[in-house]
Amino acid sequence: MSISVATHPDRPRSGPPLWRRLHLNPPLVAGAVLLTVLLLSAIAAPLLATAGPMDIDLRAVRQAPSAAHWFGTDAVGRDLFSRVLYGGQVSLLVAGLGMMGSLSFGTLMGMLGAFGANWVRPIIDRAIDIQLAFPYVLLAIAITSAVKPSTPVLVLLMVLAAWAGAARVVRAIALQERGKDYVKAADVLGVSRLRIALLHVFPTVLPSLMVLAAMQMAAMIVFEATLSFLGMGVQPPTPSWGGIMLDGKNYITSSWWLTALPGLAIVLTSLSLVLIGDGLQARTDALRSREGDQ
Amino acid sequence: MRSFVLRRILQSVIIVVAIAVTVFIVLRLSAGDPARIRAPVFARPDVIEQYRRDFGIDRPLFEQLLTFLGSAVRGDFGQSFRFQAPVTDLIMVALPKTLLLAGVSLLLSLSIAVVLGSLAALKPRSGWAWMSSALAAFGQSAPVFWSGAVLVLVFAVGLRWLPSGGFSGFASLILPAIAVTLSILPTQLRVLRTSMEAVLQQEYIKTAKAFGLNQNRIIFVYALKNACLPLLTVIGVDVGYLLGGVIVAEVVFAFPGIGELALVALNARDYPLIQGITIVTAATFVIVNLLIDLLYVKVDPRIRLERT
């Protein structure tokens, strides 16, 4: 959208400064800063960690947070702060893969739901309905009872659980766009349906797709954590945020830090993504209404 | 109208059957031989063969499927491996508790969404609006099991006001219901706020204001009626999410519902139980969705006209 503003014919030579042209808003900036800090600390885990994530120290079992162990230690004396940092690498990577997978598949299905052959569309409609109505945790339980849980299975589960949400949004926008005059005009001019879908309608989906990407990523962080917490996700000893909390589950009454602190990492990460999503949505809305005024 | 209802009911039945068949086939094909799981580890081959005959898995898959569907229709999902009891009985004990927790959470979340969402739409620069945004963002970010754990830490371990888990009456419902509510509230809050903002812009509200009608009456009667329609759709869509949250909350709070049962079944590789739970829960969803669809038609005459 900022491109259309930038190439506007009336644009004065020296426009407003770059940061103003990006149309940033407070939630977007706050979310982006928070996410950057979290991403950097996950990437720089080897530099920041005060101990190895799997270093067992049986002389320092379940110690409360202190100067030596900022987040305390777990049931076998592993440094929780280091585990949370390394767990971030795993959780963010898995969630990222799940987000990209579910978004790609969801977009494909959504576009098919709007532009597919007449017999394809109702099938996709129903599939979206069923998928949205079906509880993902139950789906995960059914599948992991058949296939041994592992990280690839977890990513597959994420895609299965989240594609419908993306598909519904993409389908709704594409259908709305399809009814507009320019699409009808292209149709009358003999442009093929595939070409209309890809070159004319798909670009209008993109801003919403960016919002969806942020929101889905937040959802996937929570999803990874939930399934790993239930023992159906990333398998020990690999640290992931949900897995770390599962380790601490049995000590919840005596060692609060084992569940509360890793959870804080999850909450902050998805909060940053939700803020980015909200900010992007507000930005898209603002730019749209401005276009409408012109 | 009647044809619409009939068509929706038929669709629902087809969906349930499709889910049942899928669950059956996936479990049979990938889970391995139930007789080997059920039988003692060092059982003699003829003992295992006996188990096979008992489960009926010596017959062709298609015949097994028909037998399974036939008894499922009569409410018989076989015997649980783990509990040595009919799957249906186990589900019938657990399901009402799950539905109770889901119902209480939904009611709580809807009440908060309606009140807070309306206030936020009415006064976009007030503390209410800020609170509703903050609550939406937080609820969306915090996993049910984490907010559940924190609630336990604060109210059960720290303050000792409420039980930390199990099921012993109404008090046991409070913490799990709050945890679930936090997770389903954000969507409802956002949707109600947006639709309320849109409704407040409409001519009929302006007219009502111009006529000097009571402000509260305008908002909570005239505006809310229309603003609630999108909320109804969201509930339908979110039923899966709601029950997902309830299942997780059950695990955290050791609440003896269907989710706890499912996880026990999963860990014990209790296939008949998993099969039964999946199908019964899926059927519950489909029925709830059906009811919401029909309710929607009842509430919004425009849809009725469109479809008949």
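Residues numbered from 1 in each chain as written. Chains lettered and ligands numbered in written order. Predicted model: local features only at pLDDT ≥ 70, side-chain atom pairs only at ≥ 80, totals over all residues. Heavy atoms only, no water.

Participant: Looking at this structure, I do not really get the overall build of chain A. What am I missing?
Facilitator: Counting secondary structure elements, chain A contains 12 helices and zero strands. Along the chain direction, N to C, the helices and strands of chain A fall in the order α-α-α-α-α-α-α-α-α-α-α-α. With the C-alpha coordinates aligned to their principal axes, the bounding extent of chain A is approximately 75 × 55 × 25 Å. Within the span of chain A, comprising 294 residues, buried residues form 49% of the whole. Here the contacts in chain A between residues at least 6 apart in sequence split such that 72% fall between residues at least 24 apart. Taken together, the 22 basic and 16 acidic charged side chains of chain A have centroids lying 4 Å from each other. (Helix = DSSP H or I, 4+ residues; strand = E, 2+ residues; numbered from the N terminus. Buried < 20%, exposed > 50% of the residue type's maximum accessible area, 1.4 Å probe, protein only. Contact = heavy atoms within 4.5 Å. Lys, Arg positive; Asp, Glu negative; His and termini not counted. Charge placed at Lys NZ, Arg CZ, Asp CG, Glu CD.)

Participant: What's the story with helix H11 (residues 258-267) of chain B in this structure? I'm lost.
Facilitator: Spacing of three or four residues puts side chains on the same side of an α-helix, whose turn is 3.6 residues. Residues and elements named next belong to chain B. Taken across its 10 residues, H11 has seven buried, putting it largely inside the fold. Burial in H11 covers these residues: Ile258, Gly259, Leu261, Ala262, Leu263, Ala265 and Leu266. Two residues or fewer after H11 comes Arg269, characterised by a positive phi angle close to 50°.

Participant: Would you explain the side chain of B:Thr284 in this entry?
Facilitator: Residues and elements named next belong to chain B. Tracing the backbone shows Thr284 in helix H12 (residues 271-299). Take Thr284: its relative accessible area is 18%, and that puts it in the buried class. Discounting residues that sit within four places of it in the chain, Thr284 has contacts with Leu95 and Leu99.

Participant: I keep staring at the environment of B:Arg217 and nothing clicks. Help me out?
Facilitator: Considering the arrangement of structural elements, one finds B:Arg217 in helix H10 (residues 215-252). With 50 residues separating them along the chain, B:Arg217 and B:Phe167 place their C-alpha atoms 41 Å apart.

Participant: Any chance you could explain the interface of chain B and chain A here in plain terms?
Facilitator: Interface size, as often reported, equals the accessible area lost upon joining of the parts. Of the residues lining the interface, 41 residues belong to chain B; the matching set on chain A comes to 37 residues. Summed over both sides, the interface of chain B with chain A buries roughly 3,400 Å², with 78% coming from carbon and sulfur. Per-residue buried area on chain B facing chain A is highest for B:Ser141, B:Phe145 and B:Trp146; these three make up 19% of the total on that side. Summed over the shared surface of chain B and chain A, the result is one salt bridge. Counting across the interface, chain B meets chain A through four residue pairs in polar contact (both at pLDDT 80 or more). Looking at the side of chain B that touches chain A, the elements that each hand over two or more residues are helix H1 (2-30), helix H6 (127-141), helix H7 (144-158), H10, H11 and H12 of chain B. Ranked by the residues each element gives to the side of chain B that touches chain A, the list is headed by H10(B), at 10 residues. (Buried area = accessible area lost by both parts, 1.4 Å probe. Salt bridge = Lys/Arg side-chain N within 4 Å of Asp/Glu carboxyl O. Polar contact = N/O pair within 3.5 Å; in protein donor to acceptor, adjacent residues only side chain to side chain.)

Participant: Even after reading the chapter, I still don't get the confidence of the model for chain B, so can you show me in this structure?
Facilitator: Low-pLDDT portions of the prediction should not be read for the details of their coordinates. All names here are of chain B. When pLDDT is averaged along chain B, the result is 81, and 91% of the positions lie at 70 or above. Mean pLDDT in chain B bottoms out at helix H13 (residues 301-307), which sits at 56, and peaks at helix H5 (residues 87-122), which reaches 89. Here the predicted complex carries an ipTM of 0.76, next to a pTM of 0.81. (pLDDT = per-residue confidence, 0-100.)

Participant: Just to check I follow, could you spell out the packing of helix H5 (residues 80-115) of chain A against helix H8 (residues 151-178) of chain A for this structure?
Facilitator: Think of two packed helices as two axes; the pair is described by the angle between the axes and how far apart they sit. All names here are of chain A. Relative to each other, H5 and H8 sit at 35°, their axes nearing to 5 Å. The handedness of the crossing between H5 and H8 is right-handed. Taken together, the residues of the contact of H5 with H8 break down into 20 nonpolar, eight polar and two charged. (Axes fitted to C-alpha atoms, helices over the stretch in contact; angles between N-to-C directions. Left-handed = near helix turned anticlockwise from the far one by under 90°. Nonpolar A, V, L, I, M, F, W, Y, C, P; charged D, E, K, R; others polar.)

Participant: Sorry, what's going on with unusual backbone geometry here?
Facilitator: The phi angle of most residues is negative, glycine excepted, and most peptide bonds adopt the trans form. All names here are of chain B. In this model, Gln84 sits at a positive phi of 55°, which is unusual for a non-glycine residue. Along the polypeptide, Gln84 turns up in the loop between helix H4 (61-73) and H5. In this model, Ala254 sits at a positive phi of 45°, which is unusual for a non-glycine residue. For Ala254, the position within the fold is in the loop between H10 and H11.

Participant: Hey, could you run me through the packing of aromatic side chains in this one?
Facilitator: Think of a pair of aromatic rings as described by two things: how far the centres are apart, and how the planes are tilted against each other in angle. All told, the structure shown has five aromatic pairs over all chains when counted by the stated rule. Centre to centre, the rings of B:Phe155 and B:Trp161 are 6.0 Å apart; their planes meet at 40°, and the pair counts as tilted. (Phe/Tyr/Trp six-rings, centres within 6.5 Å; stacked < 30°, edge-to-face > 60°.)

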